Amino acid sequence: MSSPSPPLQTRRAAIKARIQTKHPHQIPNQRLRLLLVGLVLGGGLLGLLTRLVYLQVSAAPFLRTKAQQQQLGTLPERTFRYPILDRRGNFLAKDEPVFRLFAHPFLFQKQPEEIAQALASILNRSQDSLMERFKTGKSGIPIGYRLSEAEADKINALYLDGLEITKEWQRVYPQSELTAGLVGYVNTENQGQSGIEYSQQSLLKGAPIPLLVARDGQGQVLPDRFPLEPLNANDLTLKLTLDTRLQRSARQALHQQMSKFKAKRGTVIVMDIHDGSLVALASEPSFNPQKYFEASPALFKNWAISDLYEPGSTFKPINIAIALEAGAIQPDSVFHDSGQLSVGGWPINNADNSGHGNLTVTGILEYSSNVGMVHVMQQMQREPYYDYLKKIGIGQITGTDLPFETPGQFKEKQQFVDYPIEAATAAFGQGFSVTPLQMAQLHAAIANGGKLVTPHVVNGLYNPAGKKTKGLNLIQPRRIFSDHTTTQVRTMMGSVVQNGTGKPAKIPGYRLGGKTGTAQKADSGAYSNARITSFVASFPLESPKYVALAVVDEPQGDNAYGSTVAAPVVKSVLETLISLEGIPPSHPEELKAKPKVSP
Amino acid sequence: MAVASRSKVIPVLPKTTAPSARSQSKRTRKHLPHPEKQLGQLDPRSPQFPNWLIVLMAFRKLSTPVVLFLVMGVLPLYAWRVSTQKSWGNQFTALEQLQRDERTWLTRMEERKYEISENLESNPAGFVPKSSKTTIFFQPAPARPAKPASPPQADVTPTDIAPIGY
């Protein structure tokens, strides 16, 4: 080889020679170094593997729990109590979130002045008043009540230590006094205290399963682990059978008559006769459920359901149905009305203190003759009469879903059978008591062909798809009269409105069956001058769908009778019902405009 | 390392350096052995590299660009994943805000309905409540007898029909 000797080589030549592999670079301890590097790298790899195994196997459960604690959370609950809707989807009761702010000064990281300044603008309070509050304690100082969601968000965005926001639910009643008697109210612990809120507490209390979601570092929700079901799957609503429009109209009509006659209280009930669903139930006076603490506690019970009254003449059609059903009389039986009668030593008069001579059963109803009714019911034995009264439910509750229902008062059987005066007074609707709701139920039985339905206002719990998830377990309808009997009674009641005391309730173009009632109120054992007037109607007469009952308590004035006080209320309510339900006139010829008479 | 080729003939650098041969004068070149004879040639049947190494090197030729592509693609993919998550999260926050607005709006609407109705009682302002007096019922017309469908007139030319609109 013609290469120069190594000591004289220049560095460049040496490198060149190495590249050309003439003189491979001799590394001293090459093998040892290689081994060392290999060991270091291998050791590192082994260490990594060990750490990996440790993390994935031994520490896995702990790490998983820790990760879940950091990432998993629940979506905020959408409501605390299910909302209550009327038949057409208007909200009658709804939950709104409200927030409370508490301060814990011992946890403040910044100066109290800074925190007070930041809060002052959001809470609309002065900085000084907040500073004063901060000084009152070390922890748990309430600063703000009833904060809205926007304000709570702003305070959360401040990220200040020592401030705590708690979420509460407040029940809102958009319809206020209009439906307070039915819906009721809840107290500060969200427990229902009256009305549907109380009686359906178990249905209304939402028990939604909290939905788990994963959140990232900023608190935003991640799409992994998001629940597959729709978010509103648990948004159930309690639907009522109530129609707010009719309720409003009923309340307005009641107000009008009550203020005209300065009555103490009143109620209007409109019920569907076939299933007992209440379309309207207005009781006056009412209260504002959002300010229930300002109302008198006596108002929390709906008096249409929990107070008793002696029905008076409105009970006469029921008695006639009983007598017809028992075969004691015929529709064309005639009785003599002398105007006065003495039963067991007690005098019985007609309301107008005059006799009407020979009257058919229809005539007795038209004139609302007490004496006539006594004669009618005397055709029946007292014992079967008592048994029938018991059978139709006098002295028992109707089984409605509204709370605080009172069973009527009824004499003992022995007393009823022994003393003829009891049957005589029962003949014209005095001597026993019922609730207005029970009265409506009994007249619905006359109207629907003889079945006693259970009045109710709750339809059921519905899911967002419109499917009923839970209904009510009500008493099944039972038969108390035959179809034939009720048809006869309905005809008689139609005549009362056409020709008798029910004329103020006539609606042109339509036919309805009705009965007025003017009863004296019993006060500490004796009948006083105070009256309770009522009017009941079944509409339309040809094929009834609804029964309407108006009861006005203690109207003042000489002209305060069922026909003058209560009948116009029912007429007004039925006129609205015609328009709302689109019930066509049965006698359209009565509606034709009269031809103009030229002067 | 030399790049593997399909043939197993791999040129090997000769023991004598060709440039140094060139640097020498021409006259000494005559005394050198012939370059071609110096070029060694391997026997194709005895490859220098083992089979598996060649396969591995072929695989590496294929996989290197693939891996490069994958690595370069991972980052944008991950960025896309995070951005979809974030946009989903933003949409969900917007949904929650909408739900909150809907709830507030519903409550306000119901309260407004009540206010309007209450005001109407005291101040009708020309509104009339619904009653039978303001409702019209009319009898539906009797059903017309079905007319047989007339065949389309074939003799109607388009020019016969004058446009109405002009």
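Q: Before we go on, may I ask you to explain the overall build of chain A in this structure?
A: Summing up its helical and strand segments, chain A has 20 helices and 21 strands in all. Reported as C-alpha extents along the three principal axes, the dimensions of chain A are approximately 160 × 70 × 60 Å. When each of the 599 residues of chain A is scored for burial, the buried share is 50%. For chain A, restricting intrachain contacts to residue pairs at least 6 apart in sequence, the fraction spanning at least 24 positions comes to 71%. Distance between charge centres in chain A, computed from 62 positive and 50 negative side chains, equals 14 Å.

Q: Just checking my understanding: could you explain the sheet that holds strand 7 (residues 221–222) of chain A for this structure?
A: In a beta sheet, neighbouring strands are held together by backbone hydrogen bonds and run either parallel or antiparallel to one another. Residues and elements named next belong to chain A. The strand order across the open sheet formed by three strands is 1-6-7, and the pairing between neighbours is antiparallel. Pairing within the sheet leaves two strands with one partner each, and these edge strands are strand 1 (72–74) and strand 7. Contacting strand 1 and strand 6 (212–215), helix 3 (residues 60–71) crosses the sheet at an angle of about 40° to strand 1.

Q: Sorry if this is basic, but what is going on with the sheet that holds strand 10 (residues 278–284) of chain A here?
A: All names here are of chain A. Strands sit in the order 10-9-21-20-19 across an open sheet of five strands; the sheet is antiparallel. What marks the edges here is a single partner per strand, and that holds for strand 10 and strand 19 (513–523). In this sheet, adjacent strand axes meet at a mean angle of 10° when their direction is disregarded. Where strand 20 (residues 526–539) meets strand 21 (residues 546–553), eight bridges bridge the pair, whose relative direction is antiparallel.

Q: For this particular structure, what's the right way to read the pattern of salt bridges?
A: Pairing is possible between side chains that carry opposite charge, provided their charged atoms lie close to one another. Residues and elements named next belong to chain A. Under the defined criterion, the tally for this structure stands at 25 salt bridges over all chains. The partner of E284 in a salt bridge is R251, and the shortest N-O contact between them spans 2.7 Å. Within this pair, whereas E284 is found in strand 10, its partner R251 is found in helix 10 (residues 244–261), the two being separated by 33 residues in sequence. Neither residue differs from the other here; E284 and R251 are each classed as buried. For the salt bridge of K413 with E383, the shortest nitrogen-to-oxygen distance reads 3.6 Å. A residue pair is termed long-range when its members are at least 10 positions apart, and K413 in helix 16 (residues 413–418) and E383 in helix 15 (residues 382–391) qualify at 30 residues.

Q: What should I look at first to understand the packing of helix 2 (residues 30–58) of chain A against helix 3 of chain A in this one?
A: In a packed pair of helices, the relevant descriptors are the angle between the two axes and the axis-to-axis distance. All names here are of chain A. Running from amino to carboxyl end, helix 2 crosses helix 3 at an angle of 65°, the nearest separation of the two axes being 5 Å. In this view, helix 2 runs roughly perpendicular relative to helix 3, as classed from their interaxial angle. For the pair helix 2 and helix 3, contact is made by L55, Q56, V57 and S58 and by A60, P61 and L63, respectively. Looking at the contact of helix 2 with helix 3 residue by residue, the classes come out as five nonpolar, two polar and no charged.

Q: What is the right way to read the interface of chain B and chain A from this model?
A: By convention, interface size is frequently given as the accessible area that disappears when the constituent parts associate. With 27 residues of chain B at the contact, the number on the chain A side is 42 residues. When the buried area of chain B at its contact with chain A is split by residue, R103, Y114 and F137 of chain B rank highest and sum to 21% of it. Applying the counting criterion to the chain B and chain A interface returns five salt bridges. Joining chain B to chain A, the criterion identifies 15 residue pairs in polar contact (both at pLDDT 80 or more).

Q: Help me out: how do you make sense of the pairing of strand 8 (residues 237–240) of chain A in this one?
A: Remember that side chains alternate between the two faces of the sheet whenever the strand is regular. Residue and element names in this part refer to chain A. Here two bridges tie strand 2 (residues 84–85) to strand 8, and the two strands are oriented parallel to one another. Pairing of I84 across the sheet is with L238, part of strand 8. In terms of strand pairing, strand 8 meets strand 16 (residues 458–462) through four bridges, oriented antiparallel. Residue pairing across strands places T237 opposite Y462, the latter belonging to strand 16.

Q: For this particular structure, what's the right way to read the packing of helix 12 (residues 316–325) of chain A against helix 18 (residues 436–447) of chain A?
A: Residue and element names in this part refer to chain A. Packing of helix 12 against helix 18 leaves a shortest axis separation of 10 Å and a crossing angle of 45°. With respect to their mutual orientation, helix 12 and helix 18 come out oblique. At the point where helix 12 passes helix 18, the crossing takes the left-handed sense. The segment helix 12 lies against helix 18, with P317, I318 and A321 engaging M439, L442, H443 and I446.

Q: So what exactly am I meant to see when it comes to helix 17 (residues 420–427) of chain A here?
A: Given 3.6 residues per turn, any residue in an α-helix points the same way as the ones three and four places further on. Residue and element names in this part refer to chain A. In terms of burial, helix 17 is largely enclosed, as seven of its eight residues are buried. Of the positions making up helix 17, those classed as buried are I421, E422, A423, A424, T425, A426 and A427. If you follow the buried residues of helix 17, they end up packed against helix 12, strand 12 (340–343), strand 13 (346–349), helix 14 (370–377), helix 15 and helix 16. G429 sits one or two positions beyond helix 17 and adopts a positive phi of about 80°.

Q: What is the right way to read the packing of aromatic side chains from this model?
A: Where two aromatic rings form a pair, the distance of their centres and the angle of their planes describe that pair. Residues and elements named next belong to chain A. One pass over the full model with this rule turns up 18 aromatic pairs over all chains. Between Y386 and F410 the ring centres are 4.8 Å apart and the planes differ by 10°, which places this aromatic pair in the stacked class. With Y386 in helix 15 and F410 in the loop between helix 15 and helix 16, the pair connects residues that are 24 residues apart, well separated along the chain. Judged on exposure class, the residue Y386 and its partner F410 are both buried. Three or more aromatic residues joined by ring pairs make a cluster, and in this case those are F315, Y385, Y386, F410, F416 and F432. Sitting over the ring of F404, K301 keeps its end group 5.5 Å from the ring centre.

Q: Explain unusual backbone geometry to me, please; I cannot follow it from the model alone.
A: Leaving glycine out, the prevailing phi sign among residues is negative, and the prevailing peptide bond configuration is trans. Residues and elements named next belong to chain A. Cis peptide bonds are those with omega within 30 degrees of zero, and the linkage from E284 to P285 qualifies with -5°. One can find P285 in the loop between strand 10 and helix 11 (303–306). Here the residue pair F539 and P540 is connected by a cis peptide bond, since its omega of -20° sits within 30 degrees of zero. Within the secondary structure, P540 is located in the loop between strand 20 and strand 21.

Q: Got a minute to help me understand the side chain of Q175 of chain A in this structure?
A: Along the chain, the position of Q175 of chain A falls in the loop between strand 5 (163–172) and helix 7 (180–183). Judged by its relative accessible area of 4%, Q175 of chain A is buried. When near neighbours in sequence (up to four residues on either side) are disregarded, Q175 of chain A contacts F91, L92, T244 and R248 of chain A together with E110 and Y114 of chain B.

Criteria and cut-off values
- Counting restarts for each chain, with residues numbered from 1 along the sequence as it is written.
- The lettering of chains begins at A and the numbering of ligands begins at 1, in the order of writing.
- In keeping with the model being predicted, local features are shown solely for residues with a pLDDT of at least 70 and side-chain atom pairs are shown and tallied solely at 80 or more, while totals for entire chains, interfaces and linings include all residues.
- The basis for the side-chain values is all heavy atoms of the structure; hydrogens and waters are excluded.
- Only DSSP runs of H or I with at least four residues qualify as helices, and only runs of E with at least two residues qualify as strands; both kinds are numbered from the N terminus onward.
- Note on classification: 1.4 Å probe, protein chains only; a residue is buried when its accessible area is under 20% of the maximum for its type, exposed when over 50%, partly exposed between these limits.
- We call two residues contacting when some pair of their heavy atoms lies within 4.5 Å.
- Counted as positive: Lys and Arg. Counted as negative: Asp and Glu. His and the chain ends are not counted at all.
- Where a charge sits is defined by one atom per residue type, namely NZ (Lys), CZ (Arg), CG (Asp) or CD (Glu).
- A strand pair is defined by DSSP finding two or more bridges across the two strands.
- Each axis is a line fitted through C-alpha atoms, and for a helix only the stretch in contact is used; angles between axes span 0 to 180 degrees, taken between their N-to-C directions.
- By salt bridge we mean one thing: a side-chain nitrogen of Lys or Arg within 4 Å of a carboxyl oxygen of Asp or Glu.
- Note on angle classes: values under 35 degrees are labelled roughly parallel, values over 145 roughly antiparallel, values of 65 to 115 roughly perpendicular, and the remainder oblique.
- Only Asp, Glu, Lys and Arg are considered charged, only Ala, Val, Leu, Ile, Met, Phe, Trp, Tyr, Cys and Pro nonpolar, and every remaining residue, Gly among them, polar.
- When two components associate, each loses some accessible surface as probed by a 1.4 Å sphere; the sum of these losses over both components is called the buried area.
- Identification of polar contacts relies on pairs of N or O atoms within 3.5 Å, with a donor-acceptor requirement for protein atoms, meaning one able to donate a hydrogen and the other able to accept it, and with residues adjacent in sequence counted only if both atoms are side-chain atoms.
- Two helices that cross are described as forming a left-handed crossing if the nearer one is turned anticlockwise from the farther one by less than a right angle, and a right-handed crossing if clockwise.
- Pairing of aromatic rings covers Phe, Tyr and the six-membered ring of Trp, with a centre-to-centre limit of 6.5 Å; geometry is then stacked below 30 degrees between planes, edge-to-face above 60, and tilted otherwise.
- Lysine and arginine charges are scored as sitting over a ring when NZ or CZ, respectively, is within 6 Å of the ring centre and within 35 degrees of the ring normal.

Geometric values such as these leave the question of function open.
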